[in-house]
Structures are given as C-alpha cells and as structure tokens.
Amino acid sequence: MNFSIDSTANVVAYDAGGTLWSYTSVSQGLQTAARRAIGPAGAALPKALFVSDWNADAVPDLIVQNKNGTLTYREGIITGGFTDSTIGSGWQNYEITVGEWKRTDKYPSIIARNNATGELFNYGNPSGKNLSPRVKIGVGWNGLSFNLLDWDKDGNNDVVAKNAAGQMKLFRASGGGSFISEARATIGSGWNSMTSIRAISGLGPYGSVGLMAQACCIITRRTRAAGRLGRRSPTAGAPTPSRATNSSLPPSSTRWGVLWALERKIGD
C-alpha cells in the first residue's frame, strides 16, 4: 500500500482498488483509528505519494508521482476534496521526497535523485504551485532511499537515507541548500526489509520526529535513544497477524502489513 503522513501523524494511503483513505492516528501509538475516504475508487495507483502544505495555506495538499512520469499537485480544499494540476512530466526515472530544503524557503520543495546517474537535485517551489529549474546538490546517491526531516533539531531539514546494507545514514544539511561536509553517522540498522519509508512528526510526544515504514503483518513502535533509532517494541493494542483484518485497518487483501514508527523526541 502506498502511503504518506500529514503534520498530525494521520496516515494517507491508497488501497488496491484506487481509493484514497485518511487514517486518523492514535496519539502516542501506531494503531490507526477511524478511516475516511478522501478520494473516489478506481484511481490509478501512483509510484509515490506525499502529504505537504505545498502552497502554505494551512490546508494539507498532495504531491503525487504517477507511474506515467507526470507529477500532480493536488491542492487541498478546506471544505474537502482536491483541485488537481500537473506540475511536471518525465519523472519515471526519479526517486523523490518532499519537504523544506532551505530555511529561507516559503514553500516546500522536492529533492529528487536521477536513478540513472545517481545525481541529487533540488526543485524549488517559488510560487506555491510550480517548480523552478533544478539545482544539483549531490552525486553518488544510487542505492539510497531518502527522506527529509530535522533530525538534529537545529532548525534545518536533514536527509536520512537507507543504503543497500540496510543502514540508515544521516546527511546533515546547512539550511542554505547544501550538505554539511562530515562523516555520515549511522542512526539505524536492519532496514533491509522496510519499504515505503516516510518522515513523520507528532506521532509521539509533542515535537517528536522520526520515520514510518512498511513491512509485514502487525503494527509496532520503536522509539529513539541516544541519537539513534532505538529498539522496536509492540505498541499497546496493536493487532496481531491473526487480527490483521480488524475493521480499523485496510482489508486483508490491501493492508500495509507492519507500520513501524521510529521517533526522535525533543530533548534526546
């Protein structure tokens, strides 16, 4: 299941039938409570989906990377629904993530890797709608799966990236559009089986940040300790594999399996 997370830790996901759902997260835990459809059935399943306040109007929007290579901006309407516009094409061979890159940016932007060359680019969003010409910010990113979040809590979004060995690496950013030149810290390991990794905030205590990832069958939680992603432990009330058809979760034929949350709390 293709999913993303909004600023209040709600999970947004397509099911196999193309319906877009919003799952309300339970504070301090990972089990998802009530869900509601926010899109009609039958939509083409995207390559990737990101919740972002793209135009900074305090209403959540969606950035959708479609399998045909188009990039769709789905502007959220405060009364419900979306207004769609195409903001790019030719994105088939890119992996992307969405978020604030430079501290001075008014709007979120896109970080994208060319899968053929391994080059990493920033595509700015100067107007709250369309993309500006790209700027190269890195090379050698083949084999890395990445997300934007302020891991070190200095006010600048960093990049956390999973490598082929299953390690989670931290690429700290300056806030001015470049990475800090330093050895890349390993903040987690054993991520080989994790897919659809997304940055998350607000799932745990106020100010917490971390990652949510898809694996298989139950929902658990992992907290952060001593600058690293800590040990995982079952979340209270999380369904077991035999109860994975619980009505609060997607149907068994389309469920996401295990959702892991790995958090970094304020003060750690």
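Placed above this text is the structure.
The notes below deal with the structure included here. Predicted model, so just to flag it, every value in this text is computed and none were measured.

**Some words on the sheet that holds strand 14 (residues 158–162)**
Step number 1: What the four strands build is an open sheet, ordered 13-14-15-16; its pairing is antiparallel. Of all the strands in the sheet, just strand 13 (145–149) and strand 16 (185–188) have a single pairing partner and so form its edges. If you compare each strand with its neighbour and ignore which way they point, the axes differ by 30 degrees on average.
Step number 2: Pairing between strand 13 and strand 14: five bridges, direction antiparallel. The residue bridging leucine 148 from the neighbouring strand is valine 159, located in strand 14.

**Describing the pattern of salt bridges**
Step number 1: For the structure on display, the rule yields five salt bridges.
Step number 2: In this structure, lysine 136 engages glutamate 119 in a salt bridge whose closest nitrogen and oxygen atoms are separated by 3.1 Å. Here glutamate 119 lies in the loop between strand 10 (109–114) and strand 11 (120–123) and lysine 136 lies in strand 12 (residues 135–138), a separation of 17 residues in the sequence.
Step number 3: Residue classification places glutamate 119 among the partly exposed residues on the basis of a relative accessible area of 21%.

What counts as what
Residues numbered from 1 in each chain as written. Predicted model: local features only at pLDDT ≥ 70, side-chain atom pairs only at ≥ 80, totals over all residues. Heavy atoms only, no water. Pairing = 2+ DSSP bridges. Helix = DSSP H or I, 4+ residues; strand = E, 2+ residues; numbered from the N terminus. Axes fitted to C-alpha atoms, helices over the stretch in contact; angles between N-to-C directions. Salt bridge = Lys/Arg side-chain N within 4 Å of Asp/Glu carboxyl O. Buried < 20%, exposed > 50% of the residue type's maximum accessible area, 1.4 Å probe, protein only.

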